[in-house]
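The primary structure of each chain is shown beneath.
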Amino acid sequence: MTKILVAEYEDIVRSTITKMLEKFGYETTSVATGREALDAVESGRFDLILLDGDMEKGVKGIDICRELRKKFSRKDLPVIQMSGWGDDYGEEAILAGANGYLKKPFKMNELRRAIIQHPLKQMAKKILFADSEGLVTSLHSRYLKDRGYDVSTASTGDEILDNVGRERFDLAILDDKFPDRDGYGVCSRLKSEDEKIRIIGVVKSYPRHGAERWKEAGADDTLKSPYDLESLEEKI
């Protein structure tokens, strides 16, 4: 599970952000000061830090970000700065080493979008993307690789089974029909061999019927085609 450190000086704001993140399914740790944030990073592992612009008296989030960058690169420990000071502060935060900037006040969907837009350290999870259309496979797998995922591809049912037989995947994204097998049968087979693998089934026709068939086959979630790349990553 993705672990996020929330470093926010105001108690109510810190509590609200934490609840939002937990609703999204993230594991959270929250701190109120810059010193606590640095100590938390020293003693634990985090995939992302949400860092307030104003911490305890005399301490700015930018200063904490600079300290973090002495030990961790942007790739190794992504940081999103939060502040109500506007775009000028956002530019300064980026120069100080932040991966992104989120202007306060923000809504739940804006927080989620900000997290999705910045690759998390944990995103080295292994994904098998399987679609019968080569162009779809090429475009989507390239996008996911650019976002930091470890991606393998397949275009037939047999290729899927061969891949899963050779290595373990955290997630498989499956088309509903391949030249040699249907996706539902492949899904059932994968779940019978590895119940921990998460499967997202793509629904290309007859939405209600297709979603029901994926559920019966054991899929954890579905994605209705056509879909945009941001919707795909939200599902992941």
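Just above, that's the structure.
Here goes a summary of the coordinates provided. Numbering of residues starts from 1 in every chain and runs along the sequence as written. Reporting in this predicted model follows two pLDDT cut-offs: at least 70 for local features of residues, and 80 or more for side-chain atom pairs to be given and counted; totals over whole chains, interfaces and linings ignore these cut-offs and use all residues. Values reported for side chains reflect all heavy atoms of the structure, with hydrogen atoms and water molecules removed beforehand.

1. Focus on the environment of Asp52
Starting at the N terminus, helices and strands are each numbered in turn, a helix being any DSSP run of H or I of at least four residues and a strand any DSSP run of E of at least two. If you trace the backbone, Asp52 turns up in strand 3 (residues 48-52). Expressed as a C-alpha distance, the spacing of Asp52 and Leu223, which sit 171 residues apart in the sequence, is 35 Å. We call two residues in contact whenever any of their non-hydrogen atoms come within 4.5 Å of each other. Beyond its immediate sequence surroundings of up to four residues, Asp52 is in contact with Ala7, Glu8, Tyr9, Gly61, Gln81, Met82 and Lys104. Any N or O atom pair separated by 3.5 Å or less is treated as a polar contact, with the protein-specific requirement of one donor-capable and one acceptor-capable atom, and with residues adjacent in sequence counted only for side-chain atom pairs. A distance of 2.8 Å separates the side chain of Asp52 from the side chain of Lys104, its partner in a polar contact.

2. Regarding the pattern of salt bridges
Should a side-chain nitrogen of Lys or Arg be within 4 Å of a carboxyl oxygen of Asp or Glu, the pair is scored as a salt bridge. One pass over the full model with this rule turns up 20 salt bridges. With a closest N to O distance of 2.9 Å, Glu167 and Lys126 form a salt bridge. Highlighted residues: Glu167 in the loop between helix 7 (157-166) and strand 8 (171-174) and Lys126 in strand 6 (residues 126-130), separated in sequence by 41 residues. In this structure Glu167 comes out as partly exposed when scored by relative accessible area, which is 30%. Its salt-bridge partner being Lys204, residue Asp175 comes within 3.2 Å of it at the nearest N-O pair. A residue pair is termed long-range when its members are at least 10 positions apart, and Asp175 in the loop between strand 8 and helix 8 (183-193) and Lys204 in the loop between strand 9 (198-203) and helix 9 (207-217) qualify at 29 residues. Judged by its relative accessible area of 0%, Asp175 falls in the buried class. One network of salt bridges, with partners in common, ties together Asp131, Glu133, Asp175 and Lys204. Only protein chains enter the accessibility calculation, which uses a 1.4 Å probe; a residue is then buried when its area is under 20% of its type maximum, exposed when over 50%, and partly exposed in between.

3. Digging into the packing of aromatic side chains
Here the aromatic set is Phe, Tyr and Trp, taking the six-membered ring for Trp, and pairing holds for ring centres within 6.5 Å; pairs whose planes are under 30 degrees apart are stacked, those over 60 apart are edge-to-face, and all others are tilted. Summed over the entire model, instances satisfying the criterion amount to four aromatic pairs. A ring pair is formed by Phe24 and Tyr26, whose centres lie 6.4 Å apart and whose planes are at 90°; its orientation type is edge-to-face. We note that Phe24, like Tyr26, is buried. Consider the rings of Trp85 and Tyr89, whose centres lie 4.8 Å apart with planes at 85°: the pair is edge-to-face. We classify Tyr89 as buried; its relative accessible area is 5%. A network of ring pairs unites the aromatic residues Trp85, Tyr89 and Tyr101 as a single cluster.

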